[in-house]
Structures are given as C-alpha cells and as structure tokens.
Amino acid sequence: MSQRDLKTALQSLERRFISDRAKGWNSTIQFNFSDAAPVTFRIENGALSITEGLAGEHLSSVQTDVAVFDLLFSGRVPLELVLMQDRFVTDCLVEIFKLQTVFSRETS
C-alpha cells in the first residue's frame, strides 16, 4: 500500500470518530509505518487530531504497515490476529485497544 492509501484510511477514521467514546481520555499514539510516513494520533477530552510526523510525547508507539493498519482500524481483522502474526508491534496495548473503541465500524 502507499501514502495515498494511508491518507484514505485516515480520512475514513476521521469520519468514523465518535467523540463521546473518547471523553475523559487523553493519549498520544505514534504510528511508524514501514511503507509510509509516520503519523501521530492525539486524543484529548473527546477530540481527535491526526498529524503527519511524530509529534509530542507518546503514550504508545506502533510499528506496522499501511495494509495492516487499514485492516485493523476498519474492523476487518481483530488486533489479536495481527499481534500473533507479528505484523503490529506496540509498547502499550491498552492504548491501542482504547483507540479501536472510538471509531464506528466501517460499512460497505
């Protein structure tokens, strides 16, 4: 996949973000992609911002590729599956599980 695919996936996440599910939660999660530029997710009291590059002090850092990121955050595969396949590496699983809950499932 490419940077363009990542941009499409990020736009989808922004549309599917449910702010009520993120109220009271503050986190910074940095995604380092093997096939695209890194991005930083910042959740602050019900608001989501996604920026290009690695910004701020992170609570969680992730190593993955765009295809796995898209499959995971679209809801098409569970986190446990990509973790078992070593295709998604993070230093704080709790933050990633929380992040998954603030998006509605993608519908076709």
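My aim in this report is to walk through the structure given alongside it, one point at a time. (Residues numbered from 1 in each chain as written. Predicted model: local features only at pLDDT ≥ 70, side-chain atom pairs only at ≥ 80, totals over all residues. Heavy atoms only, no water.)

1. Some remarks on the pairing of strand 2 (residues 39–44)
For step 1, the next point in the chain: Inspection of the sheet shows strand 1 (residues 26–33) paired to strand 2 by six bridges, in the antiparallel sense. When the sheet's bridge partners are listed, Asn 26 is paired in strand 2 with Glu 44.
For step 2, the next point in the chain: A loop of five residues connects strand 1 with strand 2, the two strands running antiparallel in sequence.
For step 3, the next point in the chain: Between the antiparallel neighbours strand 2 and strand 3 (residues 47–52) lie two residues, among them Asn 45 with a positive phi of about 45°. (Pairing = 2+ DSSP bridges. Helix = DSSP H or I, 4+ residues; strand = E, 2+ residues; numbered from the N terminus.)

2. Thoughts on the pattern of salt bridges
For step 1, the next point in the chain: Applying the stated criterion to the full structure yields four salt bridges.
For step 2, the next point in the chain: Across the pair Glu 44 and Arg 42 runs a salt bridge whose closest N-O atoms are separated by 3.7 Å.
For step 3, the next point in the chain: Look at Glu 44 and you get partly exposed, because its relative accessible area is 42%.
For step 4, the next point in the chain: Across the pair Arg 76 and Asp 70 runs a salt bridge, and its minimum N-O distance is 2.8 Å. (Salt bridge = Lys/Arg side-chain N within 4 Å of Asp/Glu carboxyl O. Buried < 20%, exposed > 50% of the residue type's maximum accessible area, 1.4 Å probe, protein only.)

3. Re the sheet that holds strand 1
For step 1, the next point in the chain: Strand order in the open sheet formed by five strands is 3-2-1-4-5, and the pairing between neighbours is mixed. The outermost strands of the open sheet, each flanked by one partner alone, are strand 3 and strand 5 (89–90).
For step 2, the next point in the chain: Seen against the sheet, helix 3 (residues 66–73) touches strand 1, strand 2 and strand 4 (60–64) and runs at an angle of roughly 140° to strand 1. (Contact = heavy atoms within 4.5 Å. Axes fitted to C-alpha atoms, helices over the stretch in contact; angles between N-to-C directions.)

4. Looking at the environment of Ser 27
For step 1, the next point in the chain: As for its position among the elements, Ser 27 is in strand 1.
For step 2, the next point in the chain: Among the residues examined, Ser 27 registers a relative accessible area of 0% and is labelled buried.
For step 3, the next point in the chain: Through-space distance from the C-alpha of Ser 27 to that of Lys 98 is 9.7 Å; in sequence the pair is 71 residues apart.
For step 4, the next point in the chain: Ignoring anything within four residues of it in the chain, the contact list for Ser 27 reads Phe 41, Arg 42, Ile 43, Leu 59 and Glu 95.
For step 5, the next point in the chain: A polar contact is formed between the side chain of Ser 27 and the side chain of Glu 95, at a distance of 2.4 Å. (Polar contact = N/O pair within 3.5 Å; in protein donor to acceptor, adjacent residues only side chain to side chain.)

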